[in-house]
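Single-letter residue listing:
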Amino acid sequence: MTPFVFLAVLSAAAMHAIWNALVKVHLDRFLSITLMTLGMGFAALLALPFVEVPKAEVWPFILASVIFHMGYRTFLIGAYKAGDFAQTYPLARGTAPLLSAMGAIVMLGEVPAPLAILGIVLLSAGTLVMSFRGGVHLERFNLRAVGFALGTSIFIASYTLSDGSGARLAATATSYAAWLFVCDAAWALVLCVVFRGPQSLPVLARDWKAGLFTGVLSGAAYWIVMWAMTKAPIASVASLRETSILFAMLISVLALGEKMTAWRAAAALGIVAGVVALRLG
C-alpha cells in the first residue's frame, strides 16, 4: 500500500465516523439514513454522464452490493437503537475486517503478508476492546445490541468483498461507485415508501440539505475505499478503514459527552499499533 493510498483511506475513515455520528443523533434513524442514501445517490446521479456504463459482468456485483448495503443499514439502525454509539459502532466495525480477510483468502485467494495479518488482528482487537470495555454504561450493552452489531459486521464484510471485486472488474472505481450509489438510492426510496408511506417524502424533503451533506460525505468516503481496493489488498484496506473508530471515539467524547477511560486509551493504542503494522506490511 503506497503512502498516498494509506492517507486516502485514513481520510475516508474520518468521514465515515462523522456521518455515522450524524445518523446516530437524528431523532428518526430510518429516515435519516434513507435521506443520507438519497443524498449520496443524487450526487452520484450528476456524475453519470461522465462515467462509463458498467459491463454486463459488473452488474451482479452492483446488485448484490445494493442488497448487502440495505441489510447493513437495517442492522446498523437496530444496533444504534439498542446500544450506545461508543459501543455498537466499534463492535459492528471490529469484527468486519477479520471476516473480510477470511473472505478474501477463501474467495479471492488474496492472502495478506504476515505483518499485515498482525495489523488486521490488532485493529480488530482494539475495536472490540473499545466496544466491550470502553463504554461508560457497560451494563446497558445487551444481547440484542450485540446481535444487531454482529449482523452489521457480516453485511459489511459482504459488501466489502463484493464492491472490491466489482470495482476491480469495472472500467474505473468511479464508474462502479456512481452506478452503485444511484441504484442503492433508488432502492432505498422504494423501501421508504413501502415501509413509511408516501407521507414520508415531505419529511425527507424538508431536511434535504442534511441529506445531501451526509450523502456526499458518505459517498466520498466509500468511493475512496473502493478506489483503494483496486490499488491494494482488500483485507488491508478494509482493516485500515476501521481506524474510523479512533475518530468515533473523539466524537463520542467531545460531541456526545461520553467519558474517556483507561480502557479506551489502551484500545486506541492497539488500533494505532495495527495501523503501523499494516503500513509496514
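Scroll up a little and you will see the structure.
What comes next concerns the included structure. Model, not experiment: these values are computed from the prediction. (Residues numbered from 1 in each chain as written. Predicted model: local features only at pLDDT ≥ 70, side-chain atom pairs only at ≥ 80, totals over all residues. Heavy atoms only, no water.)

Focus on the overall build of the protein
No. 1: Looking only at helices and strands, one finds 13 helices and 0 strands in the protein.
No. 2: Across the protein, helices and strands are ordered from the amino to the carboxyl terminus as α-α-α-α-α-α-α-α-α-α-α-α-α.
No. 3: A compact globule built from 281 residues would reach a C-alpha radius of gyration of about 19 Å, and the protein, at 18 Å, matches this within 12%.
No. 4: For the protein, the proportion of its 281 residues judged to be buried stands at 55%.
No. 5: Long-range pairs, those at least 24 residues apart, make up 88% of the contacts in the protein between residues at least 6 apart in sequence.
No. 6: Charge centroids of the protein, computed over 18 positive and 11 negative side chains, lie 5 Å from each other. (Helix = DSSP H or I, 4+ residues; strand = E, 2+ residues; numbered from the N terminus. Rg over C-alpha atoms; globule rule 2.2 N^0.38 Å. Buried < 20%, exposed > 50% of the residue type's maximum accessible area, 1.4 Å probe, protein only. Contact = heavy atoms within 4.5 Å. Lys, Arg positive; Asp, Glu negative; His and termini not counted. Charge placed at Lys NZ, Arg CZ, Asp CG, Glu CD.)

Considering the layout of surface pockets
Rolled over the atoms, a probe sized like a water molecule indicates the empty space that remains.
No. 1: Empty space within the largest pocket amounts to approximately 240 Å³.
No. 2: The set of elements that each furnish at least two residues to the lining of the largest pocket consists of helix 2 (29-45), helix 8 (173-196), helix 9 (200-206) and helix 10 (208-229).
No. 3: At 6 residues, helix 2 tops the list of elements feeding residues into the lining of the largest pocket. (1 Å grid on protein atoms, 1.4 Å probe; cavity = no way out; pocket = protein on both sides within 12 Å on 5 of 7 lines; lining within 4 Å. Points joined across faces, edges and corners; volume = space filled by probe spheres on them.)

Thoughts on the nonpolar core
No. 1: Ranked by size, the top nonpolar core spans 65 residues in total, and within it Tyr176, Leu180, Phe181 and Met226 carry the most contacts.
No. 2: By residue number, the principal contributor to this core is helix 1 (residues 3-25), which donates 9 residues.
No. 3: In contact with Tyr176, other than residues within four places in its own chain, are Val58, Phe61, Ile62, Ser65, Ser162, Asp163, Gly166, Ala167, Ala170 and Met226. (Core = buried A, V, L, I, M, F, W, Y, C linked by side-chain atoms within 4.5 Å.)

Looking at the packing of helix 7 (residues 143-169) against helix 8
No. 1: Running from amino to carboxyl end, helix 7 crosses helix 8 at an angle of 130 degrees, the nearest separation of the two axes being 8 Å. Between helix 7 and helix 8, the angle falls in the class oblique. As helix 7 packs across helix 8, the resulting crossing turns out to be right-handed. Contact with helix 7, carried on its side by Ser162, Asp163, Gly166 and Ala167, involves Ala173, Tyr176 and Leu180 of helix 8 and no other residues of that element.
No. 2: In terms of residue class, the contact of helix 7 with helix 8 is built from 4 nonpolar, 2 polar and 1 charged. (Axes fitted to C-alpha atoms, helices over the stretch in contact; angles between N-to-C directions. Parallel < 35°, antiparallel > 145°, perpendicular 65-115°, else oblique. Left-handed = near helix turned anticlockwise from the far one by under 90°. Nonpolar A, V, L, I, M, F, W, Y, C, P; charged D, E, K, R; others polar.)

Quick word on the pattern of salt bridges
No. 1: Considering all chains together, one arrives at 3 salt bridges under this definition.
No. 2: A salt bridge links Arg73 to Asp184, with the nearest nitrogen and oxygen atoms 2.7 Å apart. Of the two residues, Arg73 is situated in helix 3 (residues 59-82) and Asp184 in helix 8; the sequence distance between them amounts to 111 residues.
No. 3: Among the salt bridges present, the one from Arg168 reaches Glu110, with a minimum N-O distance of 2.9 Å. Highlighted residues: Arg168 in helix 7 and Glu110 in the loop between helix 5 (96-108) and helix 6 (114-133), separated in sequence by 58 residues. (Salt bridge = Lys/Arg side-chain N within 4 Å of Asp/Glu carboxyl O.)

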